Amino acid sequence: MDSVNVTMPCAFQTMPLKPFPKQTKHLDIFRFLSPQTRIAFTTRRCFRLVSCLETNTHAKILDGKATAQQIRNELKTKVDALYKLYAMRPGLAVVLVGSRKDSQTYVRNKHRFAKEVGLESFNHDLPESVTEARLLQVIDELNQDPRVHGILVQLPLPAHISTEKVLQRIDVSKDVDGFHAENVGRLCTLKGEPGFIPCTPQGCLELLDRYNIQIQGKHAVVLGRSNIVGIPAAMLLLRRNATVSICHSFTENLSEEVSKADILIAAIGKPEWISGHWLKPNSVVIDVGINAVKDVNTSRGYRLVGDVRWEEAYPRVRCITPVPGGIGPMTVAMLLKNTVKAFEQRTRGESLSK
Ligand SMILES: Nc1nc(=O)c2c([nH]1)NC[C@@H]1CN(c3ccc(C(=O)N[C@@H](CCC(=O)O)C(=O)O)cc3)C=[N+]21
Ligand SMILES: [Mg+2]
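Because the structure is a prediction, the values reported are computed rather than measured. (Residues numbered from 1 in each chain as written. Chains lettered and ligands numbered in written order. Predicted model: local features only at pLDDT ≥ 70, side-chain atom pairs only at ≥ 80, totals over all residues.)

### Concerning the overall build of the chain
Helices and strands together make up the secondary structure of the chain, namely 14 helices and 10 strands. Counting all 354 residues of the chain, 36% fall into the buried class. Restricting to contacts in the chain with at least 6 residues of sequence separation, those with at least 24 account for 69%. (Helix = DSSP H or I, 4+ residues; strand = E, 2+ residues; numbered from the N terminus. Buried ≥ 20, exposed ≤ 12 C-beta atoms within 10 Å, placed from the backbone. Contact = placed C-beta atoms within 7 Å.)

Shown next, in the form of structure tokens:
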């Protein structure tokens, strides 16, 4: 009977499915069903297959930690090959001003993972009291240093230093954070190649892609409008043909906006601010927030939580990133990836700087 084929959703016909194993027993049973039952069975099976293909796995937790490890393994292979070719390794310089505990932890992680991947890493620790002029001088030296392919100035900077001035001083071709105006401009110019893309939003998109989550045509809601996360995340989603809303502290009816999101990117930095029941059922939640909350039961005295209330969100959503182990490790992986990209562009003479 042809009726089964006629009513198949077209998605099923165009999907590159692996052929079913030949199970004649199974098909025989199928033959004895009424056309209506066969249609119902087939349709249901199609939808299950399609949703399985869309998510790649049945994974509900988008495992940033494991994915970042996989990316680092891929990068290591690439860096080893580049070393054979050029007898040189990509170099990452990290500039840390002051002695914020959290900044020190992040910077230590960056060096550890840079080493794991085979990058050269250069540490520049400056005292809290450093002058803006001295910091700019350090940046100028790193801009000139041929061993350095990527420069990262850990934020936030002390209040007496102009963050804007410092970030704009970094050579565009070494701006692995993607904060330089030219890289921002390239990202926001929808046609044409982007330069360096900020690491956190790039990590969000990379995670969605590695789990085969469709972005095109979906309603994406970005909570937060920072230069580091919110704005570039919205631009990246727009580039991939999502319909994008950006919400912020002045947004009225926030919960209503959140409830429209097929994909939610939460980057407000407020611990467990977003209630589970705001979320659209079966949506995809990317929780960028890494908030320390006091917890006397831990050895550190605090634990990390996201912007979303995990306990409420988890049963409601299709998939969600954990905190920790979600976007944090992906951010560092993207920093390493950008540094390798900077090296490749430099050695091939494709770099954007004059
Ligand atoms: N110029 C600049 N570029 C940045 O990319 C930048 C910055 N400044 N300043 C601070 C923020 C924050 N950030 C994180 C990166 C990794 C984790 C990370 O790996 N977190 C682990 C947990 C780490 C822990 O246990 O403390 C996780 O989420 O699993 C967190 C935060 C990069 N930032
Ligand atoms: Mg400042």
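### A few points about the UniProt feature "domain: Tetrahydrofolate dehydrogenase/cyclohydrolase catalytic" (unreviewed entry) in the chain
Per the UniProt annotation, the sites labelled "domain: Tetrahydrofolate dehydrogenase/cyclohydrolase catalytic" (unreviewed entry) are residues 62-177. Secondary structure content for residues 62-177 is 52% helix and 16% strand, and the end C-alpha separation is 23 Å. (UniProt positions renumbered as here; feature names shortened; annotations may be inferred.)

### As for the pairing of strand 2 (residues 120-126)
In terms of strand pairing, strand 1 (residues 91-97) meets strand 2 through 7 bridges, oriented parallel. Paired with Val94 across the bridge in strand 2 is Asn123. (Pairing = 2+ DSSP bridges.)

### A short note on the site of ligand 1
As a matter of local geometry, ligand 1 sits amid 18 residues, with Leu155, Pro324, Gly325, Gly328 and Thr331 nearest to it. Of all the secondary structure elements, the ones that give two or more residues to the shell around ligand 1 are helix 6 (101-117), strand 3 (150-153) and helix 14 (327-347). Take the shell around ligand 1: its biggest share by element is 4 residues, from helix 14. Classifying every residue of the shell around ligand 1 gives 11 nonpolar, 6 polar and 1 charged. (Near = placed C-beta within 6 Å. Nonpolar A, V, L, I, M, F, W, Y, C, P; charged D, E, K, R; others polar.)

### With respect to the domain arrangement of the chain
Its domain assignment divides the chain into domain 1 (86-174) and domain 2 (197-332). Using only C-alpha atoms to locate each centre, domain 1 and domain 2 end up separated by 27 Å. (Domains from an automatic or database assignment.)

### Brief notes about the environment of Glu272
Examined against the element boundaries, Glu272 turns out to sit in the loop between strand 6 (263-266) and strand 7 (284-287). With 19 residues separating them in the primary sequence, Glu272 and Asn291 have C-alpha atoms 8.7 Å apart. Beyond its immediate stretch of four places on either side in the chain, Glu272 contacts Val305 and Arg309.

### A look at helix 7 (residues 132-144)
Each α-helix winds once per 3.6 residues, and so residues spaced three or four apart point in a common direction. Over its 13 residues, helix 7 runs 19 Å from end to end, which matches the ideal 18 Å to within 8%, given 1.5 Å per residue. Among the residues making up helix 7, those that are buried are Leu135, Ile139 and Leu142. Buried residues of helix 7 fall within an arc of 60 degrees about the axis and therefore sit on the same side. Helix 7 presents Ala133, Glu141 and Gln144 as exposed residues on the side facing more than 90 degrees away from its buried surface. Where helix 7 is buried, its residues meet strand 1, strand 2, strand 3 and helix 8 (163-169). (Expected span 1.5 Å × (residues − 1). Arc of directions from axis to C-beta.)

### Looking at the sheet that holds strand 3
Judged by pairing direction, the sheet is parallel, and its 3 strands sit side by side in the order 2-1-3 without closing on themselves. Each edge of the sheet is formed by a strand with only one pairing partner; in this case those strands are strand 2 and strand 3. On average, each strand axis in the sheet is tilted by 15 degrees relative to the strand beside it, whichever way the strands run. By the bridge criterion, 4 bridges tie strand 1 to strand 3 in an arrangement that is parallel. If you follow Ala93 over to strand 3, its bridge partner there is Ile151. (Axes fitted to C-alpha atoms, helices over the stretch in contact; angles between N-to-C directions.)

### Considering the packing of helix 10 (residues 199-210) against helix 14
The interhelical angle for the contact between helix 10 and helix 14, taken along N-to-C directions, is 105 degrees, at an axis separation of 8 Å. By the angle class used here, helix 10 and helix 14 are roughly perpendicular. Contact residues: Cys199, Thr200, Gln202, Gly203, Cys204, Glu206 and Leu207 in helix 10; Ile327, Met330, Thr331, Ala333, Met334, Leu335 and Asn338 in helix 14. Taken together, the residues of the contact of helix 10 with helix 14 sort by class into 8 nonpolar, 5 polar and 1 charged. (Parallel < 35°, antiparallel > 145°, perpendicular 65-115°, else oblique.)

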